[in-house]
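Inside the fold
Chain by chain, the residues:
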Amino acid sequence: MTGDEQDLAEAQRAHWQSTYSAHPGMYGEEPSAPAVHAATVFRTAGARDVLELGAGHGRDALHFAREGFTVQATDFSATGLEQLRRSALAQGTAGQVTTAVHDVREPLRLPDASVDAVFAHMLLCMALSTDEIRTLVAETRRVLRPGGTFVYTVRHTGDAHYGTGTAHGDDIYEHGGFAVHFFDRALVDILAEGWSLDEVHAFEEGDLPRRLWRVTQTLPR
């Protein structure tokens, strides 16, 4: 990581910590539409345990737990994960959810072939370089069991914010303190090399609206 990338990473970590502190439960209690879809995909595939990367304050991790999965939730914001733990206790799902503060620029602290499914909503499109994203997907592949499923969402280059705001290079642009790496389709295809690319679904979310892809890919058995 270069000095500029390190500075941006630390600034983003601080920004998310302060945002979660100022706005507890900022995304609400209802799960995201991609998490609802992913739960169905994971259940159909016979998954029992789910690793969520970038779980935030936990609306999606809690949905997976309510749906009967065992969930490992990671995020680089300790504040968000504390909110998740409190919600799990209140909902009676604390026994199904574990949390770990983790920066996805670092290797996952999990054994090889140890989880059935991985979910990441808007995590891969944060302030990560292309090389860091590729390394993260390789780590995801490492911890998935053969036949395991990876569902992720990212903002793409058709989004209204692409190419505007503060440019950080590598298709990363910053708006309102949040830096986003916008994906083109070529990057999706690169990340699916060696996987079965099951679906690339375009959808919209939020008020702008944000334009995203929901990608589902499966590790060969």
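On a predicted model such as this, the values are computed, not experimentally measured, just so you know.

1. Overview of the environment of arginine 105
- Relative to the helices and strands, arginine 105 is located in the loop between strand E3 (97–101) and strand E4 (115–121).
- For arginine 105, a relative accessible area of 18% puts it in the buried group.
- Spatially, the C-alpha atom of arginine 105 lies 9.9 Å from that of aspartate 131, the residues being 26 residues apart in sequence.
- At a separation of 2.8 Å, a polar atom in the side chain of arginine 105 contacts the main-chain carbonyl oxygen of alanine 127.

2. Points about the pattern of salt bridges
- The full count for this structure, using the stated rule, is 15 salt bridges.
- The shortest N-O distance in the salt bridge between arginine 105 and glutamate 132 comes to 3.8 Å. With arginine 105 in the loop between E3 and E4 and glutamate 132 in helix H5 (residues 130–143), this residue pair connects regions lying 27 residues apart in the sequence.
- Glutamate 132 gets classed as buried once you look at its relative accessible area, which sits at 16%.
- Notably, a salt bridge pairs aspartate 189 with arginine 185, separated by 3.0 Å at the nearest N-O pair. Of this pair, aspartate 189 and arginine 185 are both found in helix H6 (residues 185–191), 4 residues apart, which corresponds to roughly one turn of the helix.
- Residue class for aspartate 189 comes out partly exposed when judged on its relative accessible area of 35%.
- Overall, arginine 185 belongs to the partly exposed group, its relative accessible area being 38%.

3. Focus on the packing of aromatic side chains
- Tallied over the entire structure, the rule returns 10 aromatic pairs.
- Each ring, one from phenylalanine 64 and one from phenylalanine 119, has its centre 5.2 Å from the other, and the planes form 80°; the classification is edge-to-face. Of this pair, phenylalanine 64 sits in helix H3 (residues 59–66) while phenylalanine 119 is found in strand E4, placing the two residues 55 residues apart along the sequence.
- The class for phenylalanine 64 is buried, based on a relative accessible area of 0%.
- Consider the rings of tyrosine 162 and tyrosine 173, whose centres lie 5.6 Å apart with planes at 85°: the pair is edge-to-face. Here tyrosine 162 is found in the loop between strand E5 (144–155) and strand E6 (166–169), whereas its partner tyrosine 173 is found in strand E7 (residues 172–175), with 11 residues between them in sequence.
- Its relative accessible area of 16% is what places tyrosine 173 among the buried residues.
- Here the aromatic residues Phe42, Phe64, Phe69 and Phe119 are joined through ring pairs into a cluster of three or more.

Parameters and conventions
Residues numbered from 1 in each chain as written. Predicted model: local features only at pLDDT ≥ 70, side-chain atom pairs only at ≥ 80, totals over all residues. Heavy atoms only, no water. Helix = DSSP H or I, 4+ residues; strand = E, 2+ residues; numbered from the N terminus. Buried < 20%, exposed > 50% of the residue type's maximum accessible area, 1.4 Å probe, protein only. Polar contact = N/O pair within 3.5 Å; in protein donor to acceptor, adjacent residues only side chain to side chain. Salt bridge = Lys/Arg side-chain N within 4 Å of Asp/Glu carboxyl O. Phe/Tyr/Trp six-rings, centres within 6.5 Å; stacked < 30°, edge-to-face > 60°.

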